[in-house]
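Survey of secondary and tertiary structure
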Amino acid sequence: MIHISRGTNMVSISHIKKLALASMVAAALGGCASSVPLDTPAVEDRAASGSTAATGSAGLAGADANTTNNRNVQSVDLSKSSQDKLGPAGERIVYFDYDSFLVKADYQGLLETQARYLKADKARKAVIEGHTDDRGGREYNLALGQKRAEAVRRSLGLLGVVDAQVEAVSFGKEKPAALGSDEASMARNRRAEVTYR
Amino acid sequence: MRTHDTPARRHFLGALSLVAMPSWAQFRVEVSGVGQVQMPIAIAGFKGDDQSPQRIAAIVRDDLERSGQFRSVDASSANGLDESSRPDFSSFRQKAADSLLTGSATRLADGRYDVRFRLWDVVKGQDLGGQGYAIGASELRLAAHRIADFVYEKLTGDKGVFSTRLAYVTKSGQRHTLWVADSDGENAQSALSSQEPIISPSWSPNGSQLAYVSFESRKPVIYVHTIANGQRRLLANFRGSNSAPCWAPDGSTLAVTLSRDGASQIYALDAKGGEPRRLTQSGSIDTEPEYSPDGKLIYFVSDRGGSPQIYRMGYTGGNPERVTFSGTYNISPSISPDGRFLAFISRVNGAFKLHVMELSTGVVNAITDTSADESPSFAPNGRLLVYATQVQGRDALMTTTLDGKIKAKLGQQGGDIREPDWGPFLQ
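Structure report, in brief. Treat the numbers as computed from the prediction; the structure is a model and nothing was measured.

What counts, and where the lines are drawn
- Residues numbered from 1 in each chain as written.
- Chains lettered and ligands numbered in written order.
- Predicted model: local features only at pLDDT ≥ 70, side-chain atom pairs only at ≥ 80, totals over all residues.
- Heavy atoms only, no water.
- Pairing = 2+ DSSP bridges.
- Helix = DSSP H or I, 4+ residues; strand = E, 2+ residues; numbered from the N terminus.
- Axes fitted to C-alpha atoms, helices over the stretch in contact; angles between N-to-C directions.
- Contact = heavy atoms within 4.5 Å.
- Expected span 1.5 Å × (residues − 1).
- Buried < 20%, exposed > 50% of the residue type's maximum accessible area, 1.4 Å probe, protein only.
- Arc of directions from axis to C-beta.
- Salt bridge = Lys/Arg side-chain N within 4 Å of Asp/Glu carboxyl O.

What to know about the sheet that holds strand 26 (residues 374-378) of chain B
Residues and elements named next belong to chain B.
- Taken together, the five strands give an open sheet; going across it, the order is 1-29-28-27-26, and neighbouring strands pair in antiparallel fashion. In this open sheet, the two strands that pair with only one neighbour each are strand 1 (29-31) and strand 26. Strand-to-strand, the axes of this sheet are offset by a mean angle of 25°, without reference to chain direction.
- Pairing geometry for strand 26 and strand 27 (residues 384-391), over three bridges, is antiparallel. Along strand 27, the bridge assignment pairs Glu-374 with Ala-388.
- Contacting strand 1, strand 27, strand 28 (394-401) and strand 29 (406-409), helix 2 (residues 56-66) crosses the sheet at an angle of about 135° to strand 29.

A closer look at helix 2 (residues 108-120) of chain A
All names here are of chain A.
- If you check helix 2, its first and last C-alpha atoms are 18 Å apart, about what 13 residues at 1.5 Å a residue would give, namely 18 Å.
- Inspection of helix 2 places Leu-110, Leu-111, Gln-114, Ala-115, Tyr-117 and Leu-118 among the buried residues, and these make up the whole buried set. All buried residues of helix 2 lie within an arc of 160° about the axis, which places them on one face of the element. Across from the buried face of helix 2, at angles greater than 90 degrees, the exposed residues are Arg-116 and Ala-120.
- On the buried face of helix 2, the contacting elements are strand 2 (93-95), strand 3 (126-131), helix 3 (138-158), strand 4 (166-172) and strand 5 (191-196).

Quick word on the pattern of salt bridges
- Evaluated as defined, the whole model comprises 35 salt bridges over all chains.
- The salt bridge involving Arg260(B) is made with Glu275(B); its shortest N-O contact spans 3.2 Å. Of this pair, Arg260(B) sits in the loop between strand 15 (253-258) and strand 16 (265-270) while Glu275(B) sits in the loop between strand 16 and strand 17 (277-278), placing them 15 residues apart in sequence.
- Counted as one network, the salt bridges with shared partners bring together Arg138(A), Lys173(A), Glu174(A), Glu374(B), Asp416(B), Arg418(B) and Glu419(B).

Some thoughts on the pairing of strand 12 (residues 221-226) of chain B
Residues and elements named next belong to chain B.
- In terms of burial, strand 12 is a largely internal element, six of the six residues being buried.
- Across the two faces of strand 12 the burial is the same, with Val-221, Tyr-223 and His-225 and Ile-222, Val-224 and Thr-226 all buried.
- Looking at chain direction, strand 11 (residues 209-214) and strand 12 are connected through six bridges and run antiparallel. Residue pairing in the sheet places Ala-211 in a bridge with Val-224 of strand 12.
- Between strand 11 and strand 12, which pair antiparallel one after the other, the connecting turn spans six residues, and Arg-218 there sits at a positive phi close to 65°.
- Direction of pairing for strand 12 relative to strand 13 (residues 232-236): antiparallel, over a ladder of four bridges.

If you want it as structure tokens, here you go:
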């Protein structure tokens, strides 16, 4: 930082000093508009696939940490995510009571239909998506939704579905099925959906 | 929203707030309670400010007021007085100002601006120093924040946080956007835009990267995103859900929540990627890891005792110690940079409220009047917290002092606004 000492008349700073000061200050501010071009095209990053791979070292090149002083923000716009594949006909959503992870007996028929479909072709993959109502923290709800998805995954396992065919994931409270804050809406949001990818 | 309170107006609003809830739409900084010591400072309009794209004096004044440590005093008699003129101190002594800031913003021939300022001790009639910046128009706000940092540090002895940055997420229709903004919520720039949710942004310790959870592949996975160039790297995409990233203070490791082994558990993952090391072995929910500033402890949320509570353990795992004891729902821990305070969200009679615990005594205070508080995050000097909440039915980002007495609503983003994370000091 440039500190102009007490009593110095800033107007009297020579032109050369002024230019040096200007560039030093610009560097200190770290916001040089010219340091990264703003007109480069935004990075297009397709939705990742392959849910079991640890991809920590793959993907885009390792980020350089030497950019602390750069205040530029490069915007990234993502394309829409992939579509679901069809599964067996019939119901696919298991609803849960408040603060509960118990798969109720009412859903035995639903689970048996999904299990039959998966067992008929070991190449078929299901993803169970767990959801919660909108009360409470986002990350804690993500963990609660995971517990619901996991409960459905285990139920399918008990019906003989191979573990590798079913993945349990959670959306927490991020993808509500109903937007109201009344009990009926919240009950519709406490759910696990069986999807095929 | 950029209205500024003169002392007379501040007094009027202060009196009004005793009988009616203040309207957030009309002013930005709410002062509640009594007894807080605020330094009176007069901030004169900068010479040439009215022809500059940013009103520098107003940005400095808003910054200093939001900090809770300053009260602004009418400075209109010094408006337009630049950094090289000696002010008439007696008139400011009469107004009970301790200090005075004057300055100028001059457009240069090449289109840049020459911004200069000087801080005066009104009581002693002394020059406390000044600086000058020659900068592009897009950097005028940053220059104003740097000036506020200078004043703050000179007069309080603590480093100012006004030139640091915030990350947060908005949702508008189906569009989720991760923003990087100035510490006052203004000047927001989009870092990522997606049709699917984005949650839990976390600044790397050097402020160049954000880790966050994206649902773009129809499940939660963790990315590390370099802000300056938009490069993104998948950090964790294991079977099940991947969430709650938090950087170790040295930037080498992230603590994350993975459900690859069934239950949501906490793992440590090298920042370069690779095989995660499992840190908790509960079979219950363990999530929201947060490193202590010295990196030796990890605070986290677990429902192993039957309800979600905050625990802490060594950074390599081991036997956790419970930290929160009152209430049945305590989540989202954030530790102050000096390690003395824990901010968290506690459910009280169905309302979710920001609390601060002094860790050495265990004394807990609720510091808000709102009921949908989320995601607290400390400023890097530990003097303010940012959090998301709802004010009059609308989502808002707020800052507050740790005692809850001075609050400010940030920015003017439309749509849902959430998940703030306060970035580090930049070198």
